[in-house]
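# Results of the structural survey
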Amino acid sequence: MSRSRQPPLVTGISPNEGIPWTKVTIRGENLGTGPIDLIGLTICGHNCLLTAEWRSASKIVCRVGQAKNDKGDIIVTTKSGGKGTSTVSFKLLKPEKIGLLDQSAVWVDEMNYYDMRTDRNKGIPPLSLRPANPLGIEIESKFPQKDLETLFPGMSADFTSENFSAAWYLIENHSTTSFEQLKMAVTNLKRQANKKNEGSLAYVKGGLSTFFEAQDALSAIHQKLEADGTEKVEGSMTQKLENVLNRASTTADTLFQEVLGRKDKADSTRNALNVLQRFKFLFNLPLNIERNIQKGDYDVVINDYEKAKSLFGKTEVQVFKKYYAEVETRIEALRELLLAKLLETPSTLHDQKRYIRYLSDLHALGDPAWQCIGAQHRWILQLMHSCKEGYVQDLKGTPGLHSPMLDLDNDTRPLVLGHLSQTASLKRGSSFQSGRDDTWRYKTPHRVAFVEKLTKLVLSQLPNFWKLWISYVNGSLFSETAEKSGQIERSKNVRQRQNDFKKMIQEVMQCLVKLIRGALLPLSIPECGVRQYGGWEVKSELSGQWLAHVIQTIRLTYESLTALEIPNDMLQTIQDLILDLRVRCVMVTLQHTAEEIKRLAEKEDWIIDNEGLTSLPCQFEQCIVHSLQSLKGVLECKPGEASVFQQPKTQEEVCQLSINIMQIFIYCLEQLSTKPDADVDTTHLAVDVSSPDLFGSIHEDFSLTSVSMASLKELDQRLFENYIELKADPIVGSLEPGIYAGYFDWKDCLPPTGVRNYLKEALVNIIAVHAEVFTISKELVPRVLSKVVEAVSEELSRLMQCVSSFSKNGALQARLEICALRDTVAVHLTPESKSSFKQALEALPQLSSGADKKLLEELLNKFKSSMHLQLTCFQAASSTMMKT
């Protein structure tokens, strides 16, 4: 067949893409001479000739059919020009799945309509109207579901879910999709979003040609009606048309009434389910709150409550109001529960902070943090008083009344000291450890054990109490949200409550001090507070060693409290207590030392050592040294402490007690030196020991040394005089009878032949005194013998002066004996004894001849030669004194 025209050429198509049954306009050249000339039209390989409408040689209108290819050429075939070509192409999109009642601008093949009841795509819930494939591209592969659940815990591939994960969806459905296809998917998503935003306008745009066709049809009908006449008469076109329309309407209502009714009911049900699905958080919140409270997940409850409050706190919907009121009811119950837990005692600091933060986030009324501080303060005071009552009852023999809440641990004594020493050594570097065995605690006095338990109790409770206050001040108890909302109000509260908290700390410190005073210093407690802080009813007082131990315990307690950076003015009462205990410890120790020294006389064994001393002085020295060593730590001033002797009254009492100690020792010496062992009695000194006012009459200018030395010197002199009297009197008393033995007469006597026996006997007695004293103390010999010689020389001078006259022989005899005695004890002569010998010699007649002098010298030499052995002790004393 010959062709007189050029082949058809398609140069444009509008629109250039669309779903099947989209109406398109094809433009080009040589598209035929008329409808009969057009014999073929394919778009993307699909024959569209059935729907083609030839308009002109450059325009054809048709609908795109369903094709296998997504993109293809537009081929027009005419009788006159044959099979043509195309310079453009058309892109066929996959159609959206449309339900029975969905609006559509094109004709839908009812054989392929989308039945939502049979769609089982797992990614789309049955009630959702969204497409199963939102990307608009083919789903190529499926990834294992279990592996994806492991990779994305708590997430979902359902794009309508709140936990939708895009990564999960892409891996599950498009793990092998190319990047170009993914770009096409992005374009599809954008188009769907734009279409959704355009709403009905998009629907009109999509079916614009349909609207034009309907307009053309109505216009044609209108022209025919006008031509036929507009009067409504029987058999007219108008009547016929009305009848047709009425029948069509009636038929349509009959066909679709049930469907539309079900649609309305389904829409209402769907809307209700959508509301439940959308607001299921609020509807399930009351039950979820109860469950989370039972599990203790308070953080989850608070987060859910904050979310519900922000979404529905100001809602006007009655259903939401009702459910939100239920939420508020349960939250109020939670506030009460948390406040009760917060005020429970005992409780850890961590739990207290946690409950305070919860209550702050829940916007609880009042100030829960301050309520917690007040409850903790009352708890500490209650523990302290219960501790005292427990030990008092235990002392009375009723340990069953001991409060169980005080059992902070099973081992009281070692842990107390361990805790104190550990706390103090960390801060100050000090050490305080007990080396006693396990039986030590059973020997510990009740009051000492009470002080240890009380201080441990305070140290275990007060640090958390102080840290709670610090956290309250700096706002760390509250969350960031609560901190921002309540910062101004809380700053006002902190300023107002600083004084209140200071009073709390001072009350705890005062209670601690008063309880210790009631146990150790009951006289320092006012009568009104004896019942509350005292009641120990003990007769004996603690020893100095136990008081020193208590002082060390309280000192370590003070150091531990100072380490918490508690202001010193709040701890001043503890410093005052330590000072009073130090003063009392000094007094008790000195009194106890006096008691021990009073009993030293009973321990004297009279065993003399190499230095001539008994054990008494050594025992006295040991008592004093032990007393001073026990007071060394007490008298030492720790940082912040005052001197024990800063008060004049304390100085006076300590001085008087020290003097009393010396007086007691002196009295013991005097009693031992003047009475037999069985007669020593020191019981009457008990009053002196307990009465510091015994020496109140001593002038205050007298120092302890001067008073003690004066007393010792007085005792020494008294003992010395007694001893001299005891030893010298027999010697002096034997002189006169010895001189006149045998009726000796100075006037009528024989020539002297030597020193008579009475003088030798006197010398032997003096030698015996020398030996006795030398055995005890050789340094004491000169002092004793000089006094004995003084007594003997004085008596001999008296006797010589009493003689009325001497014969020549008598004078020579008297001179011989006087010179013999004088020369023998020459090393022990004193000015007094020399004067006595001189007076004795002056009472004798002078030697007139040389023969008498020679005889006197011979007799003296003879005496010294015969008494050489006996007189050696005087010579040894002479050589010793010369060396000295």
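In every chain, residue numbers begin from 1 and rise along the written sequence. Per-residue local features of the predicted model are confined to residues with pLDDT of at least 70, and side-chain atom pairs are confined, for both listing and counting, to 80 or more; whole-chain, interface and lining totals are unaffected and use all residues. Side-chain numbers here rest on the full set of heavy atoms in the structure, without hydrogens or water.

### Points about the overall build of the protein
What counts here: Helix numbering and strand numbering both begin at the N terminus, where a helix is a DSSP run of H or I of at least 4 residues and a strand a DSSP run of E of at least 2. Buried means the residue's accessible area, taken with a 1.4 Å probe over protein chains only, is under 20% of the maximum for its type, while exposed means over 50%, and partly exposed covers the values in between. Here, two residues are considered to be in contact whenever any of their heavy atoms come within 4.5 Å of each other. To be clear on the numbers: accessible area is Shrake-Rupley with a 1.4 Å probe, and residue cover counts the displayed protein chains and nothing else.
Within the protein, the regular secondary structure consists of 29 helices and 11 strands. Here the protein holds 884 residues, and the buried ones make up 39% of them. When contacts within the protein are restricted to residue pairs at least 6 apart in sequence, long-range pairs at least 24 apart make up 71% of them. For the protein, the exposed surface amounts to about 50,900 Å²; the carbon and sulfur share of it is 54%.

### Section: the side chain of Thr650
Mapped onto the fold, Thr650 is located in helix 21 (residues 648–674). Contacts of Thr650, omitting those with residues within four sequence positions, involve Val583, Met587, Val644 and Phe645.

### Focus: empty space enclosed by the protein
Note the cut-off: Within this scheme a cavity is a closed region of a 1 Å grid, computed over the protein atoms alone, that accommodates a 1.4 Å probe without allowing it to escape, whereas a pocket is open but has protein on both sides within 12 Å along at least five of seven lines; lining residues each have an atom within 4 Å of a point. Grid points are joined across faces, edges and corners, and a volume is the space filled by probe spheres set on the points.
Counting across every chain of the model gives one cavity of 30 Å³ or more. Considered as a void within the structure, the largest cavity measures approximately 80 Å³ in volume. Taken together, the elements giving at least two residues each to the lining of the largest cavity come down to helix 17 (544–563), helix 18 (572–598) and helix 20 (615–635).

### What about the nonpolar core?
Just so we agree on the cut-off: Within this scheme, the nonpolar core is defined by two criteria: the residues are buried Ala, Val, Leu, Ile, Met, Phe, Trp, Tyr or Cys, and they are joined through side-chain atoms within 4.5 Å.
With 111 residues, the main nonpolar core has Met384, Leu462 and Ile574 as its most contacted residues. Considering every element that reaches this core, the biggest residue donor is helix 14 (residues 446–474), with 14 residues. Contact partners of Leu462, with chain neighbours within four places excluded, come to Ile380, Ile505, Val508, Met509, Leu561 and Ile566.

### A closer look at unusual backbone geometry
Residues Ser14 and Pro15 are joined by a peptide bond in cis, for which omega reads -5°. By the secondary structure assignment, Pro15 is in the loop between strand 1 (9–14) and strand 2 (17–18). Omega for the bond connecting Thr345 with Pro346 falls within 30 degrees of zero, at 0°, which places this linkage in the cis form. Positive phi, normally seen in glycine, also occurs at Tyr743, with a value near 55°. Position of Tyr743 among the secondary structure elements: in the loop between helix 23 (704–739) and helix 24 (757–776).

### Examining the packing of helix 8 (residues 298–312) against helix 9 (residues 318–343)
Quick reminder of the rule: Only the stretch in contact is used when a helix axis is fitted, and all axes are lines through C-alpha atoms; the angle between N-to-C directions ranges over 0 to 180 degrees. Handedness of each helix crossing follows the sense of rotation of the near helix against the far helix: counterclockwise by less than a right angle gives left-handed, clockwise gives right-handed. Each residue gets one of three labels, nonpolar for Ala, Val, Leu, Ile, Met, Phe, Trp, Tyr, Cys and Pro, charged for Asp, Glu, Lys and Arg, and polar for the others, Gly among them.
As a packed pair, helix 8 and helix 9 sit with axes 11 Å apart at the nearest point and diverge in direction by 145°. Helix 8 and helix 9 meet at a crossing whose hand is left-handed. Residues Tyr298, Val301, Tyr305, Ala308, Lys309 and Phe312 of helix 8 form the contact with helix 9, whose own contacting residues are Phe320, Tyr324, Val327, Glu328, Ile331, Leu334, Arg335, Leu337, Leu338 and Lys341. Residue composition of the contact of helix 8 with helix 9, grouped by class: 12 nonpolar, no polar and four charged.

### Notes on the packing of aromatic side chains
In this description, a pair of aromatic rings is defined by centroid distance and the angle of the planes. Put simply, the rule reads: Centres within 6.5 Å are what make two rings of Phe, Tyr or Trp a pair, Trp counting through its six-membered ring; a difference in plane orientation under 30 degrees is then read as stacked, over 60 as edge-to-face, and the rest as tilted. Only when the NZ of Lys or the CZ of Arg is both within 6 Å of the ring centre and within 35 degrees of the ring normal is a charge said to sit over the ring.
For the coordinates displayed, the defined rule picks out 19 aromatic pairs. Relative to Phe501, the ring of Trp466 has its centre 5.7 Å away and its plane inclined at 45°; by these criteria the two rings are tilted. Here Phe501 lies in helix 15 (residues 480–520) and Trp466 lies in helix 14, a separation of 35 residues in the sequence. By the burial criterion, Trp466 is buried, and Phe501 matches it. Joined through ring pairs, the aromatic side chains of Trp370, Phe465, Trp466, Trp469, Tyr472 and Phe501 make up one cluster. Positioned over the ring face of Phe744 is Arg756, at 3.8 Å from the centre of the ring. Directly above the aromatic system of Phe720 lies the positively charged group of Arg783, at a separation of 4.1 Å from the ring centroid.

### Thoughts on the pairing of strand 1
Along any regular strand, the residues point their side chains to alternate faces of the sheet. For clarity, the threshold we go by: Each pair of strands is called paired provided DSSP finds at least two bridges between the two strands.
Pairing between strand 1 and strand 3 (residues 23–29): five bridges, direction antiparallel. Bridge pairing in strand 3 places Gly12 opposite Arg27. Pairing analysis gives two bridges linking strand 1 to strand 10 (residues 85–86), with the strands arranged parallel. When the sheet's bridge partners are listed, Leu9 is paired in strand 10 with Thr85.

### Quick notes on helix 8
What counts is decided by this rule: In this scheme, a helix's expected span is set at 1.5 Å multiplied by one less than its residue total. By construction, the arc corresponds to the directions joining the helix axis to the C-beta atoms.
Here helix 8 contains 15 residues, and its C-alpha end-to-end distance of 21 Å stays within 8% of the 21 Å for a straight helix at 1.5 Å per residue. Within the span of helix 8, buried status applies to Tyr298, Val301, Ile302, Asp304, Tyr305, Ala308 and Phe312. Taken end-on, helix 8 shows its buried residues confined to a sector of 165°, consistent with a single buried face. Among the exposed residues of helix 8, those oriented more than 90 degrees off its buried face are Asn303, Ser310 and Leu311. Check the buried side of helix 8 and you find it contacts helix 7 (280–295), helix 9 and helix 10 (349–361).

### Let's talk about the pattern of salt bridges
Put simply, the test is: We define a salt bridge as a side-chain nitrogen of Lys or Arg found within 4 Å of a carboxyl oxygen belonging to Asp or Glu.
As enumerated under the stated definition, the model contains 29 salt bridges in all. The closest approach of N and O atoms between Asp580 and Arg517, which form a salt bridge, is 2.7 Å. One end of the pair, Asp580, is in helix 18; the other, Arg517, is in helix 15, and 63 residues separate them in sequence. Judged by relative accessible area, which is 11%, Arg517 ranks as buried. Here Asp823 and Lys864 are joined by a salt bridge, their closest N and O atoms 3.8 Å apart. Separated by 41 residues along the polypeptide, Asp823 in helix 26 (residues 808–824) and Lys864 in helix 28 (residues 850–866) bring together distant segments of the chain. On the basis of relative accessibility, which here comes to 35%, the residue Lys864 falls in the partly exposed class. Here the salt bridges do not stand alone but share partners, grouping Lys263, Asp267 and Arg270 into one network.

### Some words on the layout of surface pockets
As a volume, the second largest pocket reaches approximately 1,300 Å³. Secondary structure elements with two or more residues in the lining of the second largest pocket: helix 20, helix 21, helix 23, helix 24 and helix 25 (781–802). Per-element accounting of the lining of the second largest pocket gives the leading share, nine residues, to helix 23.

### A word on the packing of helix 7 against helix 9
Keep this limit in mind: Our angle categories are set so that under 35 degrees counts as roughly parallel, over 145 as roughly antiparallel, 65 to 115 as roughly perpendicular, and the remainder as oblique.
In the contact formed by helix 7 and helix 9, the axes pass within 8 Å of each other and the chain directions differ by 15°. For the element pair helix 7 / helix 9, the angle class is roughly parallel. Remark: the crossing between helix 7 and helix 9 carries left-handed chirality. Seen from helix 7, the contacting residues are Leu282, Phe283, Leu285, Pro286, Ile289, Glu290 and Ile293; seen from helix 9, they are Val319, Phe320, Tyr323, Tyr324, Glu326, Val327, Arg330, Ile331, Leu334 and Leu337. A per-class count over the contact of helix 7 with helix 9 returns 14 nonpolar, no polar and three charged.

### Regarding the side chain of Thr830
The test is simple: Counting of polar contacts relies on pairs of N or O atoms within 3.5 Å, with two restrictions inside protein: one atom must be capable of donating a hydrogen and the other of accepting it, and residues adjacent in sequence are counted only when both atoms are side-chain atoms.
On the secondary structure map, Thr830 appears in the loop between helix 26 and helix 27 (831–842). By relative accessible area, Thr830 is classed as buried at 15%. At a separation of 2.6 Å, a polar atom in the side chain of Thr830 contacts the side chain of Glu790. What Thr830 contacts, discounting residues up to four positions off in sequence, is Ser786 and Glu790.

### Quick notes on the sheet that holds strand 7 (residues 59–63)
Pairing in this open sheet of five strands is mixed, and the strands run 6-7-3-1-10 from one edge to the other. Of all the strands in the sheet, just strand 6 (53–56) and strand 10 have a single pairing partner and so form its edges.

### A word on the pairing of strand 8 (residues 71–78)
The pairing of strand 4 (residues 38–43) with strand 8 spans five bridges and is classified as antiparallel. Counterpart to Thr42 in the pairing with strand 8 is Ile75. Examined bridge by bridge, strand 8 and strand 9 (residues 82–83) share two bridges and lie antiparallel to one another. Its bridge partner being in strand 9, Thr77 is matched across the sheet by Lys83. Taken together, strand 8 and the strand that follows it, strand 9, pair antiparallel across an intervening segment of three residues.

Geometric values such as these leave the question of function open.
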